[in-house]
Amino acid sequence: MSLRKILKGTGVALVTPFKSNFEVDYDSLENVIDFVIRGGVEYLVTLGTTGETPTLDRSEKISISNFTFEKVGGRVPVVIGIGGNNTTELVRDLETFPVEKSVAVLSASPYYSKPSQEGLFMHYKALAEASTKPLILYNVPGRTGRNINASTTIRLANEVENVLGIKEASGDMAQCMQILRDRPSNFLVVSGDDALALPQIACGMDGVISVAANCFPRKFSDMVRLCLGGDFSAARTLNDEMIQPYELLFAENNPAGVKAFLTELGLISNFVRLPLVPLSEGLYSKVRASFEK
């Protein structure tokens, strides 16, 4: 079965909850996993950048992955995130992380290094050849400093057998439409922008890997399913209700915003690891007030 069928709809880029001593809070992680699955999302993403992976060491990443696979227990598919700017180390991660338990690997493009388009192509080709699971590109130039051009995405899709999808978070609608126009029929394209998911699905995307679905799994995944079913009027009604929360989620940093919402829901404690800090008091008060409406 193709990824376009397995991963159609809403995936959740899971947060990593922490205790007050900044150790991983596995009880809270189980709370979030159960909450989003009960909320109707189609799949989960462990070790996405929303999970604060830059601040997790290798043993923590492996432990979080195994815990997530165990607690999900096959209820929904799980994608594992393995990305970064050290190609050789990522190849080693693909050999040592519990990739076999996932349906695919999501790999954020190299940050800081700002490779050329040829460098991006060769990076992903190396990862795809090392991976035993399909590789999903993750283009988020606002965080990495380098855009994966539409032509590079399509080249990878056509020339590298194991590259079977992209999470596209450039925010460039023209680029998105070019990818959708030129992609092979089995190539998954999902949104990486919660606030743009509705129009991007209208253009032909297969769904979204979402931050907001951590805290609004039912409403957000219902909105996405309505979009995929072509009922954009009903989808807009739900999406309109989430426009302010979208703004609050990303106003200062991610995942500080979503962790504030999850704290107010009683699912986790409000801790992030440096260099991130929790939401400012003024913004947090707006998050709290949003639950009173």
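Residues numbered from 1 in each chain as written. Predicted model: local features only at pLDDT ≥ 70, side-chain atom pairs only at ≥ 80, totals over all residues. Heavy atoms only, no water.

**Digging into the overall build of the protein chain**
Then step 1. Helix and strand counts for the protein chain stand at 13 helices and eight strands.
Then step 2. Against the 2.2 N^0.38 benchmark of 19 Å for 293 residues, the protein chain shows a C-alpha radius of gyration of 18 Å, consistent with a compact globule.
Then step 3. Projected onto the principal axes, the alpha-carbon positions of the protein chain cover approximately 50 × 45 × 35 Å.
Then step 4. When burial is assessed residue by residue, the protein chain has 54% of its 293 residues classed as buried.
Then step 5. Considering only contacts in the protein chain between residues 6 or more positions apart, those separated by 24 or more positions represent 70%. (Helix = DSSP H or I, 4+ residues; strand = E, 2+ residues; numbered from the N terminus. Rg over C-alpha atoms; globule rule 2.2 N^0.38 Å. Buried < 20%, exposed > 50% of the residue type's maximum accessible area, 1.4 Å probe, protein only. Contact = heavy atoms within 4.5 Å.)

**Notes on the packing of helix H2 (residues 26-38) against helix H3 (residues 58-72)**
Then step 1. At a closest axis distance of 10 Å, the pairing of H2 and H3 adopts a crossing angle of 45°. When the interaxial angle is binned, H2 and H3 end up oblique. For H2 against H3, the interelement crossing comes out right-handed. For the pair H2 and H3, the contacting residues are Tyr26, Leu29, Glu30, Ile33 and Ile37 in the first and Glu60, Ser63, Ile64, Phe67, Thr68, Lys71 and Val72 in the second.
Then step 2. Taken together, the residues of the contact of H2 with H3 break down into seven nonpolar, two polar and three charged. (Axes fitted to C-alpha atoms, helices over the stretch in contact; angles between N-to-C directions. Parallel < 35°, antiparallel > 145°, perpendicular 65-115°, else oblique. Left-handed = near helix turned anticlockwise from the far one by under 90°. Nonpolar A, V, L, I, M, F, W, Y, C, P; charged D, E, K, R; others polar.)

**Examining unusual backbone geometry**
Then step 1. The amide bond that connects asparagine 254 to the next residue, proline 255, takes the cis arrangement and shows omega of 20°.
Then step 2. Of note, proline 255 is situated in the loop between helix H11 (232-250) and helix H12 (256-264).
Then step 3. Here leucine 274 and proline 275 are connected by a cis peptide whose omega angle stands at 15°.
Then step 4. Turning to its location among the elements, proline 275 is positioned in the loop between H12 and helix H13 (281-290).
Then step 5. Despite not being glycine, glutamate 52 has its phi angle at roughly 60°, a positive value.
Then step 6. Mapped onto the elements, glutamate 52 comes out in the loop between strand S2 (43-46) and H3.
Then step 7. Of note, lysine 114 is a non-glycine position whose phi angle comes to about 50°, a positive value.
Then step 8. Structurally, the position occupied by lysine 114 is in the loop between strand S4 (104-108) and helix H5 (117-130).

**Observations concerning the pairing of strand S8 (residues 207-210)**
Then step 1. Here S8 shows no split at all, with Gly207 and Ile209 on one side and Val208 and Ser210 on the other all buried.
Then step 2. As paired elements, strand S1 (residues 9-13) and S8 share four bridges and run parallel to each other. The partner of glycine 9 across the bridge, within S8, is glycine 207. (Pairing = 2+ DSSP bridges.)

**Section: H3**
Then step 1. The terminal C-alpha atoms of H3 lie 21 Å apart, and with 15 residues this matches the ideal 21 Å at 1.5 Å per residue to within 8%.
Then step 2. Considering only its buried residues, H3 is in contact with H2, S2 and strand S3 (78-81).
Then step 3. Downstream of H3 by one or two residues, glycine 73 has phi in the positive range, about 60°. (Expected span 1.5 Å × (residues − 1).)

**Comments concerning the pattern of salt bridges**
Here the idea is simple: oppositely charged side chains can pair when their charged atoms come close.
Then step 1. Taken as a whole and assessed by the stated rule, the structure comprises 14 salt bridges.
Then step 2. Between arginine 58 and aspartate 93 there is a salt bridge, with the nearest N and O atoms lying 2.5 Å from each other. Here the residue arginine 58 occupies a position in helix H3, and aspartate 93 occupies one in helix H4 (residues 87-96), the gap between them amounting to 35 residues.
Then step 3. You can call aspartate 93 buried: its relative accessible area is 7%.
Then step 4. One salt bridge connects aspartate 182 with arginine 181, and the closest N-O pair in it is separated by 2.8 Å.
Then step 5. A relative accessible area of 31% places aspartate 182 in the partly exposed class.
Then step 6. Since its relative accessible area comes to 62%, arginine 181 is described here as exposed.
Then step 7. Ionic contacts of the salt-bridge type, sharing partners, join the residues Arg4, Arg183 and Asp206 into one network. (Salt bridge = Lys/Arg side-chain N within 4 Å of Asp/Glu carboxyl O.)

**Details of the side chain of asparagine 253**
Then step 1. Within the secondary structure, asparagine 253 is located in the loop between H11 and H12.
Then step 2. Classification of asparagine 253 by relative accessible area gives buried; the value is 17%.
Then step 3. One polar contact links the side chain of asparagine 253 to the main-chain amide nitrogen of alanine 256, over a distance of 3.2 Å.
Then step 4. Residues contacting asparagine 253, with those up to four places away along its chain left out, are Leu276 and Val277. (Polar contact = N/O pair within 3.5 Å; in protein donor to acceptor, adjacent residues only side chain to side chain.)

**Observations regarding the side chain of aspartate 25**
Then step 1. With respect to the helices and strands, the residue aspartate 25 is situated in the loop between S1 and H2.
Then step 2. One buried charged residue, aspartate 25, remains without a salt bridge, the closest side chain of opposite sign being lysine 19 at 5.7 Å. (Lys, Arg positive; Asp, Glu negative; His and termini not counted.)

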